[in-house]
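A closer look at the structure
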Amino acid sequence: MVLMYDIYEEIIDLTRRRGFIWPTSECYGSVAGFIDYGPLGAMLKRRVEDLWRSFYVYQEGYYEIECPTIAQESVFIGSGHVKEFADKMVQCPHCKEFLRADHIAEAHKTPNAQTMSSEILARTLMSLPCPSCEKIFGPVEVFGFNLMFKTAIGPGTQRTGYLRPETAQGMFTDFQRLLRFYRDKLPFGAVQIGKAYRNEISPRQGMIRLREFNQAEAEIFVHPMQKNHPEFSRYRDYIVPLYSMNEQNNGLSPKKHTMDAAVKTNIIANEYVAYYIALTHELLTKLGIKEERMRFRQHLRDEMAHYASDCWDAEIYSDRFGWVETVGIADRTDYDLNAHAKESGKEFKVFVPFDVPKTKKQLKISADMGKLGPLFKVKAKLIADALKDAIPGETSTRVIVEGEEYEVPNSLFSMKEEIIELRGEEVVPHVIEPSYGIDRMIYAVLECSYYEDEVEGETRKVLRLPARIAPVQVAVLPLMNKEGLDSLASELNSRLRSNAIFSVYDDSGAIGRRYRRHDEIGTPFAVTLDFDTIKDKTVTIRERDSMKQVRVNIDELETLIPGLIHDKIQFESLL
RNA sequence: GCGCCGAUAGUGUAGUGGUUAUCACUAGGCGUUGCCAACGCCUAAACCUGGGUUCGAGUCCCAGUCGGCGCACCA
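A brief report on the enclosed structure follows. (Residues numbered from 1 in each chain as written. Chains lettered and ligands numbered in written order. Predicted model: local features only at pLDDT ≥ 70, side-chain atom pairs only at ≥ 80, totals over all residues. Heavy atoms only, no water.)

1. Comments concerning the side chain of His 281
By the secondary structure assignment, His 281 is in helix H11 (residues 271–286). With relative accessibility at 3%, the residue His 281 sits in the buried group. What His 281 contacts, discounting residues up to four positions off in sequence, is Tyr 238, Ile 239, Val 240, Pro 241, Glu 291, Met 294 and Phe 296. (Helix = DSSP H or I, 4+ residues; strand = E, 2+ residues; numbered from the N terminus. Buried < 20%, exposed > 50% of the residue type's maximum accessible area, 1.4 Å probe, protein only. Contact = heavy atoms within 4.5 Å.)

So this is what it looks like as structure tokens:
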């Protein structure tokens, strides 16, 4: 796309000047990959997060939790991050290229290079050619590069901790508590909004790739055999542009589908994934992202994690960066819960009752300990336990205990056929994970909202933020600083603020200048008090995008402004 | 991490080794101003950091930081 100017430069300039986004600790020279949210940025971020909450917490009913940003090493051994997040790298001494050491070794038929130590890998590489410049490596150093920030918990270095690379793990490690909280019933979900950290090799692209970033993630635990969303009808006919594997592999464009059709034709794996794709589309639309700048791209087989059954990214088109993955929606199956079960030795299961209890006949074997004891001594108890699951033979029964086989005469136990009632079964839930990059959403919102209008030969910079996420909700402006207009205005300002409306009083400069100032930070409405206000208690409300004004009674503002901000009242209907 | 380029008030800039660093916008104050960046007066505000060369460095050299681009990396 050819642009007259670089919109990114304009946005970065505006966000710095007006206090949205700043380079961090600027007085010490900043650090790449870290940003500060300034006064308006922090407010905008909070409102974006609140919009997210209105979907996931209020609509879906998934409670929010908050876990530490640092966790002990075992959490990330369990999750696989300690192993998976670390790449063994090597720099070619000749051409200075950085390469994956294990990939080179495997390409030259060294099996399991991924599990080799750095020293052995380095020795293996010595005689191999660099895939980039084709010279033989010679002596090289292989170093691990893990994208997680490592730290030490407590004094000394006894206990390793890591800054979380995603907020998700907290919902998994709290699984048993959450299950109890939701009174042992599937499906249920928990969400978390917070910071996550990845030590990127070289972060670029401003707020698109950060070392500290903000995520909003939901983990929804569902029955593995029941992936129909109970509220699917909400989005059954919702239409979303899907860029499926098939379209990507065949060079086609994204196609629009209803969620119902997408699930029925197996483009999307199940109703849960489809439901959150549609919900994400609705959420992004409410943030002000334009339809044509959104698409949902399915991960190709080789980019999908091996355990995932389906994965889609919501991508938003940026004039600067192209298609940017902003949200990921995955069916992660039971991978995470099994992984933590294995590492922690705890149960990550749900007891699911059957509608009708199942009965089954079972042979019950009960050992005669009076005879078993003297015969097998210390092993007697173990053998008795093993007998319970054994298949009885003609005259004696074989059991294996601690690797040794024992022949137990049938006279040492009694057999009885019993009817066992099974009231349910234990299942490891599957996890549906919608994961949102807050910072990327905010950048996308800024890029989509930024406009330069021509007004009477002058350029008007305006952020057309949806009213409900605008940092300042209304500007209160006295037309003049005389005849008590200023004090009337500042009274109104306090009154609005006491109604939880974030208003800002501004009396500096000509009225037009003040309108422009608020256009630039996206303030959707401006209330102006003029000389009629003194006479008849009326004020004007000026709308940011149309610059149209309407005169209303000052006492109506407390209900009108919230109505306008939350889209319950349309400004046009007041004209 | 490699290579190339860049960095001067809040923003955009001028400044070819020599006084007190240019200009505009912005911001603050006062006046003025009867609804879309009007005007007048006043004020505040900068050479990215650290070394070096030089009698003298915003200017030249080196290193670093940050930013941009290309490469590499991005479960």
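2. Some points on the packing of aromatic side chains
All chains considered together, the criterion is met by 25 aromatic pairs. Centre to centre, the rings of Tyr 63 and Phe 181 are 5.1 Å apart; their planes meet at 80 degrees, and the pair counts as edge-to-face. Of this pair, Tyr 63 sits in strand S3 (residues 63–64) while Phe 181 sits in helix H8 (residues 175–181), and the two are 118 residues apart along the sequence. Relative to Tyr 335, the ring of Tyr 307 lies with its centre 3.7 Å away and its plane at 10 degrees, an arrangement referred to as stacked. Of the two residues, Tyr 307 is situated in the loop between strand S14 (294–298) and strand S15 (310–318) and Tyr 335 in helix H12 (residues 335–344); the sequence distance between them amounts to 28 residues. Taking relative accessible area as the criterion, Tyr 307 reaches 19% and is therefore assigned buried. You can call Tyr 335 partly exposed: its relative accessible area is 22%. Grouping aromatic residues by their ring pairs yields a cluster made of Trp 52, Tyr 56, Tyr 235, Tyr 238, Tyr 272, Tyr 275, Tyr 276 and Tyr 436. (Phe/Tyr/Trp six-rings, centres within 6.5 Å; stacked < 30°, edge-to-face > 60°.)

3. Digging into the protein's contact with RNA strand B
The environment of RNA strand B is formed by 42 residues, the closest being Phe 85, Arg 198, Tyr 515, Arg 516 and Met 547. A distance of 2.4 Å separates a base nitrogen of RNA strand B from a polar atom in the side chain of Arg 198. Within the contact set of RNA strand B, a base oxygen lies 2.5 Å away from a side-chain nitrogen or oxygen of Tyr 515. Looking at the surface near RNA strand B, the elements that each hand over two or more residues are helix H1 (7–17), strand S5 (86–91), strand S6 (98–100), strand S23 (458–463), helix H17 (511–520) and strand S27 (538–543). Of the residues forming the surface near RNA strand B, the biggest block, 6 residues, is contributed by H17. In the surface near RNA strand B, the residues fall into 13 nonpolar, 13 polar and 16 charged. (Near = heavy atom within 4 Å. Polar contact = N/O pair within 3.5 Å; in protein donor to acceptor, adjacent residues only side chain to side chain. Nonpolar A, V, L, I, M, F, W, Y, C, P; charged D, E, K, R; others polar.)

4. Observations regarding the packing of helix H2 (residues 39–59) against helix H15 (residues 438–449)
Here H2 crosses H15 at 105 degrees, and the two axes come no closer than 11 Å. Overall, the two elements H2 and H15 adopt an arrangement that is roughly perpendicular. Together, Leu 44, Lys 45, Val 48 and Glu 49 of H2 and Ile 438, Met 441, Ile 442 and Leu 446 of H15 make up the contact between the two elements. Of the residues in the contact of H2 with H15, the class split is 6 nonpolar, no polar and 2 charged. (Axes fitted to C-alpha atoms, helices over the stretch in contact; angles between N-to-C directions. Parallel < 35°, antiparallel > 145°, perpendicular 65-115°, else oblique.)

5. Some points on the sheet that holds strand S4 (residues 70–72)
Strands sit in the order S4-S9-S8 across an open sheet of 3 strands; the sheet is antiparallel. Here the strands that pair on one side only, and so sit at the sheet edges, are S4 and strand S8 (150–153). On average, adjacent strands in this sheet sit at an angle of 40 degrees to one another, irrespective of strand direction. Summarising the sheet, S4 and strand S9 (residues 159–163) pair through 3 bridges and their orientation is antiparallel. Its bridge partner being in S9, Gln 72 is matched across the sheet by Gly 161. (Pairing = 2+ DSSP bridges.)

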